[in-house]
Amino acid sequence: MKYLSLIASSALIIYLVLLILIYVNQRKLLYLPTENNYLDDPIKFKYKEFFLEVDKSIKLRSWLIEKDLKKYKTLLFFHGNAGNLFNRSYKLNKFNELDLNVLIISWRSFSGNSGEPTESNLYSDAITAVKWLNKKGVKSENIVLYGESLGTGVAVEIGQGNKFNSIILESPYTSMEKAAKIYYPYLPIKFLLKDKYNSEKKIKNIKTPILIMHGKKDQIIPFYMGKKLFDNANNPKFFLQIDDDDHMLTFNDSLLLEIKNFINKY
């Protein structure tokens, strides 16, 4: 009996230590700025690189593909939790084929930036990008918010109650809590998690047209999460199910046409 008690006590101590380690290091598990997804293609577009100033100590490496800020809509791209701007070149190459301006920013600690990535900090970074475009003469109603994976939570957050042209979500999650439970079902995620990104709740506050795209074979964020967000969204809303795609969608001509038609519709 004493032996069983000792085992139980040891197991409890190990579990508590694990909880502490997960709590302390959770942002290192969520934000992966140095990971290379090897999806970058040779750049086929002209762009201006600049550093978006959030405050005196935080400046974000950003790329602007400028066709005509007054004539065309501007797509504001919020990338996912891993990699740098070059890892999105294959998508930017396709966007460059459209009559569209594109601004992509990199989060704090990504692409050589300083600062710490947190939920509130990413929201601040995104809002700064919107204000920068506004100062350039781009009205919010001519901005298309584009969120990729982690970036979908940012797009949903700042899209609430604002009059953007439209919102596109690629491989979105319902909330970070529910996504984390898939990987750590044995942990009390609700009490440990710092960055919650509760898109499932917030998406109900979005009044602008929304397009949700999700691969049926997504092994990182389950397909049903994208469908759940779509069910919670207000009209006008559109859902693009891609049967053979995984988490990072294949940016072929067919997908580009769907995006083009959605953007042109509004």
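Below you will find a few notes about this structure.

With respect to the layout of surface pockets
Picture a little ball the size of a water molecule; that probe, rolled over the atoms, points out where space is still empty. Estimates place the volume of the largest pocket at around 710 Å³. Around the largest pocket, the lining comprises 29 residues; the ones closest to its centre are Leu29, Leu30, Asn81, Met176 and Ile220. Among the elements of the structure, helix H1 (2-30), helix H5 (176-183) and helix H6 (189-192) are those that each provide at least two residues to the lining of the largest pocket. Among the elements that take part in the lining of the largest pocket, H1 stands out by supplying 5 residues, more than any other. Across the lining of the largest pocket, the residue classes break down as 18 nonpolar, 6 polar and 5 charged.

What about the sheet that holds strand E6 (residues 166-170)?
Here 8 strands make up an open sheet; going across it, the order is E1-E2-E4-E3-E5-E6-E7-E8 and the pairing mixed. One side of each edge strand has no neighbouring strand; the edge strands of this open sheet are strand E1 (48-53) and strand E8 (237-242). For this sheet the average axis-to-axis angle between neighbouring strands, irrespective of direction, equals 20°. Where helix H8 (residues 223-232) meets the sheet, it contacts E6, strand E7 (210-215) and E8, and its direction lies at approximately 165° from that of E8.

So, the environment of isoleucine 189
When you line up the elements, isoleucine 189 lands in helix H6. Beyond its immediate stretch of four places on either side in the chain, isoleucine 189 contacts Glu177, Ala180, Lys181 and Tyr184.

A closer look at the pairing of E1
Relative to strand E2 (residues 59-65), E1 runs antiparallel, the two being bridged by 6 bridges. Bridging from a neighbouring strand, lysine 48 pairs with leucine 64 of E2. Joining the antiparallel neighbours E1 and E2 is a turn of 5 residues.

Notes on the pattern of salt bridges
Counting across every chain of the model gives 15 salt bridges. For aspartate 244, the salt bridge goes to lysine 217, with nearest N and O atoms at 3.9 Å. Of this pair, aspartate 244 sits in the loop between E8 and helix H9 (253-265) while lysine 217 sits in the loop between E7 and H8, and the two are 27 residues apart along the sequence. For aspartate 244, a relative accessible area of 64% puts it in the exposed group.

What counts and how
Residues numbered from 1 in each chain as written. Predicted model: local features only at pLDDT ≥ 70, side-chain atom pairs only at ≥ 80, totals over all residues. Heavy atoms only, no water. 1 Å grid on protein atoms, 1.4 Å probe; cavity = no way out; pocket = protein on both sides within 12 Å on 5 of 7 lines; lining within 4 Å. Points joined across faces, edges and corners; volume = space filled by probe spheres on them. Helix = DSSP H or I, 4+ residues; strand = E, 2+ residues; numbered from the N terminus. Nonpolar A, V, L, I, M, F, W, Y, C, P; charged D, E, K, R; others polar. Pairing = 2+ DSSP bridges. Axes fitted to C-alpha atoms, helices over the stretch in contact; angles between N-to-C directions. Contact = heavy atoms within 4.5 Å. Salt bridge = Lys/Arg side-chain N within 4 Å of Asp/Glu carboxyl O. Buried < 20%, exposed > 50% of the residue type's maximum accessible area, 1.4 Å probe, protein only.

Everything listed is a geometric property; what it means functionally is a separate question.
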